[in-house]
Amino acid sequence: MSFRIGTGFDVHRLAAGRPLMLGGVQIPHEAGLVGHSDGDCLLHAVCDALLGAAAAGDMGEHFPSSDPRWRGAASLIFVAEVRRLLADRGFVIENVDATVVAQAPRLAPHLAALRTSLASALGLVAGQVSVKAKSSDGLGAIGRGEGIAAQAVALVSSPRGTNQA
Ligand code: MG
């Protein structure tokens, strides 16, 4: 048995009139995240953390924005693909911890839903998943409400002791 960790980070710009998707959940807000896909920075950070734990590349490599297949894609598709990739390599997801940084909307009322959605997408139970929220105290681009960022850490195990590839 071996254990490996990975980190992920993502940030997307907010624009008026788009649905705000975070963790696969639509959050009521007057603006949503802009991206080639649905812009779900929380799921993108989690995917990058999992790919990082497996040393299996990153979101840009697996899901390039130049690929029309991913235009407007629900990011839950990326999570499913990353899960399959890890399973193929013999990795089991142990836990994920993520932080979303947003000045608005206030995410505290939605954290339970985000956690449930993320756990479901990853095939985990709620106790294996943590989602936290921070404002950036009004500082910088995120503090001005221009975008939302997320970071994530993932731990995976390899029951077969697969510590390569
Ligand atoms: Mg992204």
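Everything below is about the structure shown above.
Residues numbered from 1 in each chain as written. Predicted model: local features only at pLDDT ≥ 70, side-chain atom pairs only at ≥ 80, totals over all residues. Heavy atoms only, no water.

(A) Just the nonpolar core, in detail. Core analysis: the biggest nonpolar cluster contains 49 residues, and L22, L42, V46, L50, L86, L122 and I148 have the highest contact counts within it. Ranked by residue count, the leading element in this core is helix α1 (residues 41-53), at ten residues. Residues within four places of L86 in sequence aside, it is in contact with L50, A54, F91, I93 and V156. (Core = buried A, V, L, I, M, F, W, Y, C linked by side-chain atoms within 4.5 Å. Buried < 20%, exposed > 50% of the residue type's maximum accessible area, 1.4 Å probe, protein only. Helix = DSSP H or I, 4+ residues; strand = E, 2+ residues; numbered from the N terminus. Contact = heavy atoms within 4.5 Å.)

(B) Inspection of the coordination of the magnesium ion at higher detail. Those donors, D10 (OD), H12 (NE2) and H44 (ND1), are the protein atoms that reach the magnesium ion, and they lie 2.1 to 2.2 Å from it. Spacing between the donor residues of the magnesium ion along the chain follows D-x1-H-x31-H. Here D10 is found in strand β1 (residues 2-16), whereas its partner H44 is found in helix α1, with 34 residues between them in sequence. Take D10: its relative accessible area is 16%, and that puts it in the buried class. (Donors = N, O, S within 2.8 Å, 3.2 Å for Na, K, Ca; no water.)

(C) Expanded view of the pattern of salt bridges. Throughout the structure, instances matching the rule amount to five salt bridges. Between D88 and R84 there is a salt bridge; the shortest N-O distance is 3.3 Å. Placement of both D88 and R84 in helix α3 (residues 76-88) is noted, with a separation of four residues, approximately one turn of the helix. Here D88 falls in the exposed class, since its relative accessible area comes to 55%. Here R84 falls in the partly exposed class, since its relative accessible area comes to 45%. Residue K132 is joined to D97 by a salt bridge in which the shortest nitrogen-to-oxygen separation is 2.7 Å. Residue K132 is located in strand β6 (residues 129-134), and its partner D97 is located in strand β5 (residues 92-101); the two are separated by 35 residues in the primary sequence. Looking at D97, the relative accessible area reads 30%, which means it is partly exposed. (Salt bridge = Lys/Arg side-chain N within 4 Å of Asp/Glu carboxyl O.)

(D) Main features of the sheet that holds β5. Overall, mixed pairing links the five strands, which are arranged β4-β1-β7-β5-β6 in an open sheet. In the strand order of this sheet, the two ends are held by β4 (31-33) and β6, each with one partner. Looking at each pair of strands side by side, their axes are set apart by 20° on average, direction ignored. As defined by bridge partners, β1 adjoins β4 across three bridges and the pair is classed as antiparallel. Bridge pairing in β4 links A15 to G32. Here helix α4 (residues 111-122) sits on the sheet in contact with β5 and β6, set at roughly 140° to β6. (Pairing = 2+ DSSP bridges. Axes fitted to C-alpha atoms, helices over the stretch in contact; angles between N-to-C directions.)

(E) Here's a closer look at the pairing of β1. Across twelve bridges, β1 lies against strand β7 (residues 147-158) in antiparallel orientation. Residue pairing in the sheet places R13 in a bridge with G147 of β7.

(F) View of the state of the cysteines. Under the defined criterion, the tally for this structure stands at zero disulfides. Of all cysteine sulfurs, the one in C47 lies closest to C41, which takes part in no disulfide; the gap is 12 Å. Residue classification places C41 among the buried positions, given a relative accessible area of 0%. For C47, a relative accessible area of 1% corresponds to the buried category. (Disulfide = S-S within 2.5 Å.)

(G) Structural view of the packing of aromatic side chains. Counting across every chain of the model gives three aromatic pairs. Here the aromatic rings of F63 and F78 are separated by 4.5 Å at their centres, their planes lie at 35°, and the arrangement is tilted. Here the residue F63 occupies a position in the loop between α2 (59-62) and α3, and F78 occupies one in helix α3, the gap between them amounting to 15 residues. Residue F63 is classed as buried on the basis of its relative accessible area of 10%. Judged by relative accessible area, F78 falls into the buried class, the value being 2%. Through successive ring pairs, a cluster of aromatic residues spans F63, W70 and F78. (Phe/Tyr/Trp six-rings, centres within 6.5 Å; stacked < 30°, edge-to-face > 60°.)

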